[in-house]
Amino acid sequence: MASDAGPMPGQRKRRRQQQGEMRRAADRIAPEAGRWEVLFETQDESEWREHIRRLRASEARIDWTAARMDTFCGRLMHPTTYRLSLFVRDPVPDPGQDSSDN
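Residues numbered from 1 in each chain as written. Predicted model: local features only at pLDDT ≥ 70, side-chain atom pairs only at ≥ 80, totals over all residues. Heavy atoms only, no water.

## Some details on the pattern of salt bridges
For side chains bearing opposite charge, pairing can occur when the charged atoms are close. Worth spelling out the cut-off: Put simply, a salt bridge is a Lys or Arg side-chain nitrogen that is within 4 Å of an Asp or Glu carboxyl oxygen. Each helix corresponds to a stretch of at least 4 residues labelled H or I by DSSP, and each strand to a stretch of at least 2 residues labelled E; elements are numbered beginning at the N terminus. Each residue gets one of three labels from its accessible area relative to the maximum for its type: buried under 20%, exposed over 50%, partly exposed in between, using a 1.4 Å probe on protein chains only.
In total, this model carries seven salt bridges according to the counting rule given. When the shortest N-O distance is used, the salt bridge between Glu50 and Arg53 registers 2.5 Å. On the criterion of helical spacing, the pair formed by Glu50 and Arg53 is a turn pair, its members being three residues apart in helix H2 (residues 45-57). Look at Arg53 and you get partly exposed, because its relative accessible area is 47%.

## Considerations on the side chain of Ser85
In this fold, Ser85 is placed in strand S3 (residues 81-89). Classification of Ser85 as buried rests on a relative accessible area of 2%.

## Here we look at the packing of aromatic side chains
Stated formally: Here is the rule: rings of Phe, Tyr and Trp (six-membered ring for Trp) pair when centre to centre is within 6.5 Å. Planes less than 30 degrees apart are stacked, more than 60 are edge-to-face, and the remainder are tilted. Criterion for a charge above a ring: Lys NZ or Arg CZ within 6 Å of the ring centre, and within 35 degrees of the ring normal.
In this structure the tally under the stated criterion is three aromatic pairs. Between Phe40 and Trp48 the ring centres are 6.5 Å apart and the planes differ by 15°, which places this aromatic pair in the stacked class. Like Trp48, Phe40 is buried. The aromatic ring of Trp64 is capped on one face by Arg56, whose charged end is 5.0 Å from the ring centroid.

## A short note on the environment of His51
The residue His51 is located in helix H2 in this model. According to the relative accessible area criterion, His51 is buried, its value standing at 16%. For the pair His51 and Glu41, spaced 10 residues apart in sequence, the C-alpha to C-alpha distance is 9.8 Å.

## Looking at a positive patch on the surface
What counts here: Residues form patches when they are more than 30% accessible in relative terms and have no salt bridge. Like charges link within 9 Å. Nonpolar side chains (Val, Leu, Ile, Met, Phe, Trp, Tyr) link within 5 Å. Note that accessible areas follow from Shrake-Rupley with a 1.4 Å probe, and for residues the cover is restricted to the protein chains shown. By the counting scheme adopted, Arg and Lys are positive, Glu and Asp are negative, and His together with the chain ends is not counted. Taken as the charge location is NZ of Lys, CZ of Arg, CG of Asp or CD of Glu.
Positive charge collects at one region of the surface, where Arg12, Lys13, Arg15 and Arg16 lie side by side. Position of Arg15 among the secondary structure elements: in helix H1 (residues 11-28). Under the relative-accessibility criterion, Arg15 is labelled partly exposed at 41%.

## So, the sheet that holds S3
As a reminder, the rule being used: Any two strands between which DSSP finds at least two bridges are classified as paired. Orientation is described by lines fitted to C-alpha atoms, with helices fitted over the stretch in contact, and by angles between N-to-C directions that extend from 0 to 180 degrees. Any pair of residues with heavy atoms lying within 4.5 Å of one another is described as a contacting pair.
Taking strand neighbours across the sheet as the criterion, the three strands line up as S1-S3-S2 in an open arrangement whose pairing is antiparallel. A strand with exactly one partner marks an edge of an open sheet, and here the two such strands are strand S1 (34-42) and strand S2 (67-72). Adjacent strand axes in the sheet meet at a mean angle of 30° when their direction is disregarded. Sheet analysis places S1 next to S3, joined by eight bridges and oriented antiparallel. Bridge pairing links Glu41 to Arg83 in S3. Along the sheet face, H2 touches S1, S2 and S3 and points at about 35° away from the line of S3.

Next up, the structure:
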């Protein structure tokens, strides 16, 4: 048996690529780069699933890597809430334009 065999061919490269993608995504959605805006929120799970299904099937282009799907679990007094948020980048100021020109 080959129980002490090294990594599978291509595994290191794939892992490095995934780590690079994760770093780029983290840089893109850093707190100083923008804010999260709520697109949809409900307390009905079936409505939540239907809304997500419709979004994925629609022509609207959503960057799902910049989307966040949260489930806030209810406890006795608070019902469970489902929320879809999208990261919106702050506008980048034009370096050629002086801010005092406004």
